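In case you want the letters, here they are:
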Amino acid sequence: MAEGESGAGGDGGAGKDGCPLHEREVEIRSARRAVGALTRPAGAGTGELLVYSGAAGLGKTAVLTEVRREARRAGCTVLFARGGERQRHEPFRVVRQLVQPVLAGLSDEERAQVFGPWEDIVGPAVGLLPPGGQPDPQGVRDGLDFVLTRLVQRRPPVAVIVDDLHWADPESLGWLAGFAVRARELPALLVLACRDEFPDDALALQRGLVGRADRRHELRPLQPASVAHLVRAALGAEAEDAFCRHVWAVTAGNPYETTALLREVVDQRLDPVEESAGQLRELAAGARGMTLRHWLDKIGPTTLRFAWAASMLGTDIRPDLAAVVCAQGPETAAESVRELRRHGVLTGTPGGRLEFVHPLIATSVYQSMPQATRTGMHGVAAVETENAGLGLLTASRHLLETLPEGDGEIVDKLRRAAREHLAIGAPEAAQRCLRRAISEPPAAEDRAAVLYELGCSALLTDPATTVNQLRLALADPYGLGPELRVDAVFRLAQALAHSNRLGEAAAVCAEEAARTLPGPGRLRLEVAHFMFAAFQSEDEDGPGRSRRLAEFGRMLETVGLAFSDTETVGPASTDIDSGTGTGAAGGPSPDQAMFEQNGLAHAVAVLRCWDLTLRGADREEAIALAESALPGGRLPRSLGWTNTTWGFELPGILGISYLYADRVDRAEELFTEAVRAYEVAGWSGGHLGFAYLLTGMLRFRCGALVEAEDYLRRALRIAGRIGPGVPLHWDAVGALAETLAARGRLPEALELTREHAFGPPYPTVMVLPDAPTLYGRLLLARGDAPGAAATLAAAGAALDARGWRNTVWAPWLGHLARAVAPDQPDRARDLAGEAVRRARESGTDSAVGSALRLSAAVHDRPRAAELLAQAVRHLERSPARYEHAIALVDLGEALGTGPAARTALADGLELAAHCGADGLAARAGDLLRGGAAG
């Protein structure tokens with residue numbers, strides 16, 4: 001509702017304009033203080049959250065009307081919205097009421113400044129742009145935060161006022177719960193009014209939002225004196241005290257019920273004397289219940305039919321639309337409006353719209369409809385709402401109220417509405433539409449496709465729903481088409497993987513591949529099987545799977561199917577199983593086109609690169625495979641960060657492979673592109689969290705520890721929103737703990753792992769860095785050498801069985817050597833030597849340098865100095881500046897005295913300080929000042 005319009009009255013406890021509300025002085029003073037604090041001069045205003053709660057009819061709307069007036073008088077920009085009982089299923093409806101009037105009035109320049117980079121994400125949600133794309137809900141909320149913050153900064157101070165919050169749509173309520181925290185830092189006042197009648201699915205948001213209130217006022221019923229004042233204002237000063245007392249007793253001091261009863265007294269021409277008191281209870285029951293008979297007697301069937309239509313449309317009612325829904329011509333509709341206004345049912349607004357005087361009246365009118373009439377009118381409203389240009393987003397809530405009839409057109413509309421809901425970041429609304437479409441039901445041949453759409457709609461937010469619905473789609477007797485079936489299996493596997501069920505994900509792909517006819521679809525499933533198996537922390541046949549992956553990749557190369565993702569057609573080629581080749585016209589066959597579109601060859605190249613990286617094989621071979629997956633030096637479309645063909649995992653492991661091979665330039669390009677792609681697409685959930693994790697790992701590897709900590713904390717915050725136990729949560733906690741320890745804040749790192757239960761049992765998905773190895777390192781750092789040795793030995797056995805020998809991701813050998821050195825020096829040197837040998841196999845300077853540095857820790861000083869000198873030479877050629885700094889400080893300490901020692905320590909100190917490794921810098925400084933380098 002645009003500010004300046006007059007909201008519904010319905011307070012029952014208010015006198016005429018300018019008269020104080022009865023017994024609401026405390027609440028009004030509280031609002032005035034909040035507005036005063038907000039509008040302090042010189043920009044010193046501060047925001048707060050003010051909540052008014054209470055049962056229906058106690059005057060919350062009247063109080064908010066006074067708050068709005070006070071805010072306008074004080075010069076605030078006022079954003080106002082009201083939840084609607086019938087409109088809870090219109091996503092972002094309350095948000096649209098709040099911001100659309102102001103945003104729609106901005107100039108092009110102002111709009112660009114307010115929206116910034118978020119216009120394509122937020123514009124559809126607030127109704128200023130047509131739906132497009134598929135942002136995740138968190139992205140839309142983040143964009144709304146940005147837009148409202150900019151709006152507050154441009155038009156301060158701002159008062160955001162929401163009435164009937166208990167009927168707000170879940171999407172708006174979720175955003176408000178987050179923005180309430182941010183608003184305290186802005187010149188923005190949030191004022192909310194609600195009953196304690198939130199739906200079960202909104203109770204957590206209610207507690208989070210209302211519980212944050214700086215001030216909360218629970219409205220109470222009126223005392224007898226105030227009710228007597230209302231009675232005499234309505235019936236005349238001669239109303240007897242006993243009659244007034246009975247009115248108070250019958251209504252329990254509820255202002256709305258008091259006003260409704262007094263209307264009945266006036267209609268019945270009842271004298272306000274004690275002898276009439278006996279009739280009050282019956283009149284109050286009728287006024288409170290407002291049955292069909294009550295409304296028929298009060299306003300007649302024609303007018304009631306218009307009221308029914310209005311009650312279905314909710315708040316901010318268009319009279320012309322209500323008239324069409326109830327099949328009344330202009331003259332009849334106009335007369336109905338006059339009657340409803342005369343009887344205190346509807347009130348007008350300056351914009352020519354209508355509202356019910358009180359939400360309780362709207363509820364009563366709606367509930368008085370016979371069920372058949374209600375269902376039929378919702379069906380008409382669905383059609384006419386769409387015809388009126390309000391779109392499927394609005395029309396779909398009416399479709400949800402109709403009875404299933406097997407109407408294919410209804411199914412089609414619900415599916416299209418679901419797509420629009422997804423396009424504004426409202427997956428739960430999409431799922432309501434699709435569930436209703438299934439109950440219609442769709443034609444037998446379409447049912448599996450609808451189940452598939454339902455499963456995919458929850459992929460970003462609810463993997464469990466995705467799993468259940470996609471299993472149903474795949475089991476449907478009519479089934480999905482071949483291409484859609486392959487995609488459904490892949491998405492099912494993704495949902496299982498994101499639920500820490502990687503074994504099931506890999507098995508699903510393998511089983512379906514065995515049932516699929518030869519061709520690109522089957523190949524995609526086979527590649528997906530390799531992909532999900534590659535992420536499992538344990539695999540009984542890891543080395544065998546590596547061999548089969550290499551054979552699979554060579555087979556593709558041999559038959560010439562390694563096409564690029566461009567439209568250029570390569571030489572004639574043959575599918576390895578089906579024997580299909582290029583088409584007769586010289587263009588690609590359908591199978592080849594699908595092969596190109598899916599980027600199978602590039603996906604296999606990435607997986608082979610990742611396999612070689614984890615095995616600690618020669619970096620040149622791994623990099624060659626990585627480069628083959630980047631035609632023209634860029635990610636192909638099929639491997640794009642937001643492309644759903646493969647998901648974010650493949651570009652992610654490609655970047656990590658570059659990182660572990662010391663090609664940080666390539667890794668940085670990929671990770672920077674990931675952050676940008678997800679921010680532009682509005683994917684602010686797990687995808688963006690993963691991009692922050694990767695960027696944090698890159699910064700750590702390059703020795704930018706302060707930046708690494710920042711990115712990893714962002715990743716952890718996003719993981720916390722998703723929920724504990726997800727792979728991102730493990731990754732973020734582990735990487736952040738490693739970073740904190742590197743910065744010299746070991747107690748904080750240990751507390752972080754304790755707080756987040758980072759330790760056994762570990763997830764089935766591999767963790768970056770390797771979780772058991774990191775856990776053992778932390779045990780060693782806090783002085784538990786026996787516990788560290790046992791943990792690291794077990795970690796190493798599992799990794800060796802898997803065939804993973806990468807000493808950067810899991811440097812268990814070097815740290816195990818340190819753990820056993822005091823009691824088993826010979827074993828320690830053997831372990832350290834094996835770590836160096838493995839690192840040299842990869843040929844990566846950072847791996848070799850780090851392994852040499854750890855090896856030095858288990859040798860005597862002269863040999864340690866030799867090893868550390870070698871480590872420094874390798875590390876100075878690598879991007880691993882933090883490792884280089886440690887090696888320099890260790891070398892200076894090992895050299896003992898003399899210029900070489902002092903030079904190493906000074907260089908190490910400078911580099912440690914540059915990296916943000918405060919603990920290492922302090923150690924180097926102590927050594928320089930002490931006798932070690934005397």
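The rules we used
- Residues numbered from 1 in each chain as written.
- Predicted model: local features only at pLDDT ≥ 70, side-chain atom pairs only at ≥ 80, totals over all residues.
- Heavy atoms only, no water.
- Helix = DSSP H or I, 4+ residues; strand = E, 2+ residues; numbered from the N terminus.
- Polar contact = N/O pair within 3.5 Å; in protein donor to acceptor, adjacent residues only side chain to side chain.
- Phe/Tyr/Trp six-rings, centres within 6.5 Å; stacked < 30°, edge-to-face > 60°.
- Buried < 20%, exposed > 50% of the residue type's maximum accessible area, 1.4 Å probe, protein only.
- pLDDT = per-residue confidence, 0-100.
- Contact = heavy atoms within 4.5 Å.
- Axes fitted to C-alpha atoms, helices over the stretch in contact; angles between N-to-C directions.
- Parallel < 35°, antiparallel > 145°, perpendicular 65-115°, else oblique.
- Left-handed = near helix turned anticlockwise from the far one by under 90°.
- Nonpolar A, V, L, I, M, F, W, Y, C, P; charged D, E, K, R; others polar.
- Salt bridge = Lys/Arg side-chain N within 4 Å of Asp/Glu carboxyl O.
- Disulfide = S-S within 2.5 Å.
- Core = buried A, V, L, I, M, F, W, Y, C linked by side-chain atoms within 4.5 Å.
- Pairing = 2+ DSSP bridges.

**Q** Explain the environment of Ser 439 here, please?
**A** Residue position: Ser 439 is located in helix H21 (residues 427-439). Residues Ser 439 and Thr 61, spaced 378 residues apart in sequence, show a C-alpha to C-alpha distance of 38 Å. Engagement of the side chain of Ser 439 in a polar contact is seen with the backbone oxygen of Arg 436, the distance being 2.8 Å.

**Q** Sorry if this is basic, but what is going on with the packing of aromatic side chains here?
**A** Any two aromatic rings considered together are summarised by their centre-to-centre distance and by the angle between their planes. Taken as a whole and judged by the stated rule, the model has 13 aromatic pairs. Ring geometry for Trp 641 versus Tyr 678: centroids 6.2 Å apart, planes at 75°, classification edge-to-face. Residue Trp 641 is found in the loop between helix H30 (619-628) and helix H31 (649-660), and its partner Tyr 678 is found in helix H32 (residues 664-681); the two are separated by 37 residues along the sequence. Look at Trp 641 and you get buried, because its relative accessible area is 2%. Taking the centre distance of 6.0 Å and the plane angle of 50° together, the rings of Tyr 692 and Tyr 711 count as tilted.

**Q** Help me understand the confidence of the model for the chain in this model?
**A** In low-pLDDT regions, the fine details of the predicted coordinates are not to be read closely. Looking at the chain, the pLDDT average stands at 89 and 92% of residues meet or exceed 70. Element-level pLDDT for the chain is lowest in helix H28 (residues 590-598), with a mean of 53, against a maximum mean of 98 in helix H41 (residues 845-856). Taken together, the stretch residues 1-19 has pLDDT below 50 and engages in 51 contacts with residues farther than four places along the chain or on a different chain.

**Q** Before we go on, may I ask you to explain the packing of helix H24 (residues 482-498) against helix H25 (residues 502-515) in this structure?
**A** How two helices sit against one another is set out by the angle between their axes and by the gap between those axes. Following both chains from N to C, one finds H24 and H25 inclined at 165°, their axes separated by 7 Å at the closest point. Relative to H25, H24 is oriented roughly antiparallel. The handedness of the crossing between H24 and H25 comes out as left-handed. Where H24 approaches H25, its residues Arg 485, Val 489, Leu 492, Ala 493, Leu 496 and Ala 497 are matched on the opposing element by Leu 502, Glu 504, Ala 505, Val 508, Cys 509 and Glu 512. Across the contact of H24 with H25, the residue classes break down as 9 nonpolar, no polar and 3 charged.

**Q** Just to check I follow, could you spell out the pattern of salt bridges for this structure?
**A** Note on pairing: side chains with opposite charge can pair once their charged atoms come close. For the coordinates displayed, the defined rule picks out 67 salt bridges. With a closest N to O distance of 3.3 Å, Glu 355 and Arg 82 form a salt bridge. Within this pair, whereas Glu 355 is found in strand E7 (residues 354-356), its partner Arg 82 is found in strand E2 (residues 77-82), the two being separated by 273 residues in sequence. Accessibility assignment for this pair places Glu 355 and Arg 82 in one class, buried.

**Q** For this particular structure, what's the right way to read the state of the cysteines?
**A** Working definition of a disulfide: a covalent bond connecting the sulfur atoms of two cysteines. Going through the model one piece at a time under the given rule, you end up with 0 disulfides. Here Cys 456 stays unpaired: no disulfide links it, and the sulfur of Cys 509, its closest cysteine neighbor, is 14 Å away. The class of Cys 456 is buried, set by a relative accessible area of 14%.

**Q** Any chance you could explain the nonpolar core here in plain terms?
**A** Considering soluble globular proteins, one finds that nonpolar side chains tend to be buried as a cluster. Counting 186 residues, the largest nonpolar core has Phe 532, Trp 610, Trp 641, Trp 646, Leu 650 and Trp 809 as the members making the most contacts within it. Those residues in contact with Leu 650 that sit more than four places away from it in its chain are Met 531, Ala 603, Val 606, Leu 607 and Leu 639. Counting residues in each nonpolar core, the second largest holds 50 residues, with Val 99, Ile 121, Leu 165 and Ala 202 among its members.

**Q** So what exactly am I meant to see when it comes to unusual backbone geometry here?
**A** Cis geometry is adopted by the peptide bond preceding Pro 441, which originates at Glu 440 and carries an omega value of -10°. Along the chain, the position of Pro 441 falls in the loop between H21 and helix H22 (444-457). Put simply, Leu 768 and Pro 769 share a cis peptide bond, and its omega is -5°. The backbone of Ala 757 shows a phi angle near 55°, a positive value even though the residue is not glycine.

**Q** Just to check I follow, could you spell out the side chain of Thr 466 for this structure?
**A** Structurally, Thr 466 can be placed in helix H23 (residues 463-475). Its relative accessible area of 1% is what places Thr 466 among the buried residues. Polar side-chain contacts of Thr 466 include one of 2.7 Å to the backbone oxygen of Gly 455.

**Q** Even after reading the chapter, I still don't get the sheet that holds strand E4 (residues 188-194), so can you show me in this structure?
**A** In a beta sheet, neighbouring strands pair by backbone hydrogen bonds and run either parallel or antiparallel. Read from one edge of the open sheet, 5 strands run E2-E3-E4-E1-E5, paired in parallel fashion. Of all strands in the sheet, those with a lone pairing partner are E2 and strand E5 (215-218), marking the two edges. Strand-to-strand, the axes of this sheet are offset by a mean angle of 10°, without reference to chain direction. As paired strands, strand E1 (residues 49-53) and E4 are joined by 5 bridges and run parallel to one another. Among the inter-strand pairings, Ser 53 is bridged to a residue of E4, identified as Cys 194. Most of the contacts of helix H3 (residues 93-104) go to E2, to which it runs at about 150°, and overall it touches E2 and strand E3 (158-163).

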